[in-house]
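# Report on the structure
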Amino acid sequence: MTLARRGRRGVATVTRRGLIAGGAAAGAAALAAGCDNGGGPAPASASAASYGTPTVAFHGTRQAGVTTEPQAHGAFVAFTLNRDTDRAALGRMLRLLTDDAARLARGEPALGDTDAQLAVLPAGLTVTFGFGPGLYRSARLTSPVADLPGFSIDRLQDRWSGGDLLLQICAEDPLTVTHAQRMMIKDARPFGTVRWVQRGFRRSPGVQEKGFTQRNVLGQLDGTANPAGSVLENAVWAADGTSTLVVRRIRAEIEKWDQLSVGDKENAVGRRMVSGAPFTGTTEHDEPDFAAIDDSGLPVMPDYAHVTRAHVVDPGLKILRRPYNYDEAPDAQGRPDSGLIFASYQADIERQFLPIQRRLAEKDLLNEWITPIGSSVFAVPPGCAEGGWIGEQVLA
Amino acid sequence: MPVFVSAAVAGVMALTGCSASSATSSDATVADAASPVSSAAAALTVRDPWVKAVDSGMTAAFGTLVNNTGAEVTVVSATSPASPMELHTMVMKDGQMVMQPKEGGFVVPAGGTHELSPGGDHLMLMEPSAAIKPGDELSFTLQLASGDPVTFTAIAKPFAGAGESYDPSMTMPSATASAAS
C-alpha cells in the first residue's frame, strides 16, 4: 500500500499512521502541530512510550472522539438516569463528568482519583458524551433524536439497547480505558445506574502499516467507503457543533459464516476478501461501478450485496462509521460470542442513517450472517471550552 | 471547573470561574511558584480543590495549597457559607491515626506546596447547613497569618476511599479496609 492511501481522511488531518513510517511532510507537520481533536494521537518518536503519552485535546467547539482517528480500544458506557435526576442534577453530573474527562484526557488524575498512577498514560484518550432521548425528558426538553424504528432483521435485546447518557471512552491502551471508565462510573453513580457497557477493540497501534483499513471479526475490510476530507465535515457536523450517534450491537453468526467458501463470502459484501477491492475494481479504494454488466448481462456488483445496498450516492449523506469489534467468552461448545459494536456519526439520523438501514433491512445478503441485537441513538452535544461543561448549551 | 484560583486582595470573592487569569484584581494572574510575587493577592493559590459530598454530618475539603512567594505562608483558619470550618490533621496516637485540629495552621513552605488530601491534612466542614450534593460548587475562604483572605470554589465529589469518614470519635481505619470501600 502506498502513501497515497493516507489521504483518506484528508491531507490536513494528523493521523498516527502518518507517523509510523516516518512519512515525510505529514510526519513533520504532525510533530509541529501537536494534536487537535480532529486527528489522532501524534507520537513524538517511535519509542516505547510513543503511544502512551500523546493526548487529544478535550476542549473545543466540537467534542473529540468523533472524527478522531479511532483508537485501538473503546468502551461504550450507557446509563439509565434515576427518576429524581432533574435538570439541576444533570448539570451537577455533567460538571463532574466533564472535569474528569478533561483531566484524564490530559494525562492527569481526576479530582479524588484513588488510582492516580493509572491516569499518567493517556494514550490518546477521548471521552465523548451522548445524550439519549431520556436525558432530554429528564430535563423537560424536546429530544433532537428519537429511537430508531424496528427493522425486520432486528433481534434487539433490552440489555444492549437504549440509554439516557452515553460515554464513548476510547484510547490506544485498554488500561487507560478501564481507569477512565471506572472513574466516570463512580462520579455518575449518584445520578443513574449503568445500563450496559460494550467494550471493543481494533488493531493496536503499530500493528498495521498506515493507510490499511481495519478488519472486523468476519475478516472483512471494514470502513473503506467512510467519508473523508471536506465531505466528512458536512456529513458529520451540524452548524452548531453537534452530531448524532447510532450504536448497534451486531452479532456475527461466525459458525455459519465459517461454512462459506471465499467466493460466497465475497458475494455477500461485493468485495474481494484479500484486497477489499469491489468486484468491478482491482484495489480497495476503487469506486464500485454499479452500472457494470458481465457477459451474462447481470450486474457485476450483485444487487443483493452489502456494498450495493449500503451505497450512498450523495457524499453529503454518507455516515461516518467508527465501529469496534467485540469478542466475549465462547460457550461450552466453543461457539463464539462476537461481532461488531457498530457506531456511526452523522449530522442527521433521519436523512442519513435511516435510509441506509432501511435498504439493508429490506435486502442485504450479509443479513444471513449478522444480527442486530442492540440499538440506541444519542445526540452528540457541542464541545466546551476550559471552565465549561458538556451539555451547558442545552441544560444551563 | 475551578482548578487554579487566585487570591483576592481584600474581601470575600465567591469566584465561580476557573480561569487562571481571573479578572478580579490587577495582580490576579497566578505566579510561577518559583518567582517572588510582590502583591499579597497571589501569595497563596489553591490548585485542584474538591469537597467530599455528604447528605448530612461532617465532611472535608481538599486541594493543593501553592505558595507563590519567597517566604513561608501560613493558613490559620477557614470559613465558608456552607459550614463552620476547622483546619484538621491526622496524627498517630496509640498506634492509630486520629483526626484533630492542626496546631499552628497549615504552613506552606516558600515557593512550595502543601497537600490537603484524604488521610492527611484537610479542611473540615464541621456542620454543613445543608446536604452537599455531588456536583455542588462550594465557596471557601482561607485566612492567612498575614491577614489576607484567599477564596476558592470547590466541586463536591461522591468520593469513596482512603478511609475518610469524618467523626471526631472515629479513628483512622486500616488502609486495606478503606481500599475496599
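Everything that follows concerns the structure shown earlier in this document.
Heads up: these notes are all about the structure in this document.

Attention now goes to the overall build of chain A. Of regular secondary structure, chain A possesses 11 helices and nine strands. Taking the contacts inside chain A whose residues are at least 6 apart along the sequence as the reference set, 77% of them involve residues at least 24 apart. With the model as given, the accessible surface of chain A reaches about 16,300 Å², and the carbon-plus-sulfur share is 52%.

So, about the interface of chain B and chain A. Taken together, the contacts link 18 residues of chain B with 17 residues of chain A. Together chain B and chain A conceal approximately 1,400 Å² of surface at their shared face, both sides included; 65% is due to carbon and sulfur atoms. The tally of links between chain B and chain A comes to three salt bridges. For Lys 157 of chain B, the salt bridge is made with Asp 100 of chain A, and the minimal N-O distance between the two is 2.8 Å. Linking chain B with chain A are five residue pairs in polar contact (both at pLDDT 80 or more). Those elements giving two or more residues to the side of chain B that touches chain A turn out to be strand 2 (44-52) and strand 11 (149-157) of chain B. Here the side of chain B that touches chain A is composed, by residue class, of 12 nonpolar, one polar and five charged.

What follows covers the nonpolar core. In terms of nonpolar packing, the biggest core is built from 81 residues, with Phe 129, Phe 131 and Ile 169 of chain A touching the most fellow members. With 10 residues, the single largest contributor to this core is helix 3 (residues 87-105) of chain A. Contacts of Ile 169 of chain A, omitting those with residues within four sequence positions, involve His 73, Gly 74, Ala 75, Val 77, Leu 125, Thr 126, Val 127, Val 177, Ala 180 and Gln 181 of chain A. Counting residues in hydrophobic clusters, the runner-up holds 27 residues, among them Ala 61, Val 75, Ile 132 and Ala 156 of chain B.

Another aspect to go through is the packing of aromatic side chains. Residue and element names in this part refer to chain B. Enumeration over the complete set of coordinates arrives at seven aromatic pairs over all chains. Ring geometry for Phe 140 against Phe 152: centres 5.4 Å apart, planes inclined by 25°, an arrangement best described as stacked. Residue Phe 140 is found in strand 10 (residues 137-144), and its partner Phe 152 is found in strand 11; the two are separated by 12 residues along the sequence. Look at Phe 140 and you get buried, because its relative accessible area is 1%. Overall, the relative accessible area of 2% leaves Phe 152 in the buried class. Taken together through their ring pairs, the aromatic side chains of Trp 50, Phe 62 and Phe 159 make up a single cluster.

As for its placement among the helices and strands, Ser 375 of chain A is situated in strand 9 (residues 370-380). Contacts of Ser 375 of chain A, omitting those with residues within four sequence positions, involve Leu 148, Leu 156, Trp 160, Ser 161, Gly 162, Val 247 and Arg 248 of chain A.

Turning our eyes to something else, we now look at unusual backbone geometry. You will see that Arg 140 of chain A, though not glycine, has its phi angle at about 60°, which is positive. Tracing the backbone shows Arg 140 of chain A in the loop between helix 4 (133-138) and strand 3 (165-171). A residue is classified by how much of its surface remains accessible, and Arg 140 of chain A, at 76% relative accessible area, is exposed. One non-glycine residue, Asp 94 of chain B, adopts positive backbone phi at about 50°. Its place among the elements puts Asp 94 of chain B in the loop between strand 5 (85-93) and strand 6 (96-101).

To continue, consider the pattern of salt bridges. If you walk through the whole model with that rule in mind, you get 17 salt bridges over all chains. Of the charged contacts, one joins Glu 362 of chain A and Arg 309 of chain A as a salt bridge, the two residues approaching to 3.3 Å between their closest N and O atoms. In this pair, Glu 362 of chain A is assigned in helix 10 (residues 349-362) and Arg 309 of chain A in helix 9 (residues 306-310), connecting sequence segments 53 residues apart. Residue Glu 362 of chain A is classed as exposed on the basis of its relative accessible area, which comes to 61%. Residue classification places Arg 309 of chain A among the buried positions, given a relative accessible area of 15%. It is possible to trace a salt-bridge network through shared partners that takes in Asp 99 and Arg 103 of chain A together with Asp 48 of chain B.

How each quantity is defined
Residues numbered from 1 in each chain as written. Chains lettered and ligands numbered in written order. Predicted model: local features only at pLDDT ≥ 70, side-chain atom pairs only at ≥ 80, totals over all residues. Heavy atoms only, no water. Helix = DSSP H or I, 4+ residues; strand = E, 2+ residues; numbered from the N terminus. Contact = heavy atoms within 4.5 Å. Areas by Shrake-Rupley, 256 points an atom, 1.4 Å probe, with all protein chains shown as cover. Buried area = accessible area lost by both parts, 1.4 Å probe. Salt bridge = Lys/Arg side-chain N within 4 Å of Asp/Glu carboxyl O. Polar contact = N/O pair within 3.5 Å; in protein donor to acceptor, adjacent residues only side chain to side chain. Nonpolar A, V, L, I, M, F, W, Y, C, P; charged D, E, K, R; others polar. Core = buried A, V, L, I, M, F, W, Y, C linked by side-chain atoms within 4.5 Å. Buried < 20%, exposed > 50% of the residue type's maximum accessible area, 1.4 Å probe, protein only. Phe/Tyr/Trp six-rings, centres within 6.5 Å; stacked < 30°, edge-to-face > 60°.

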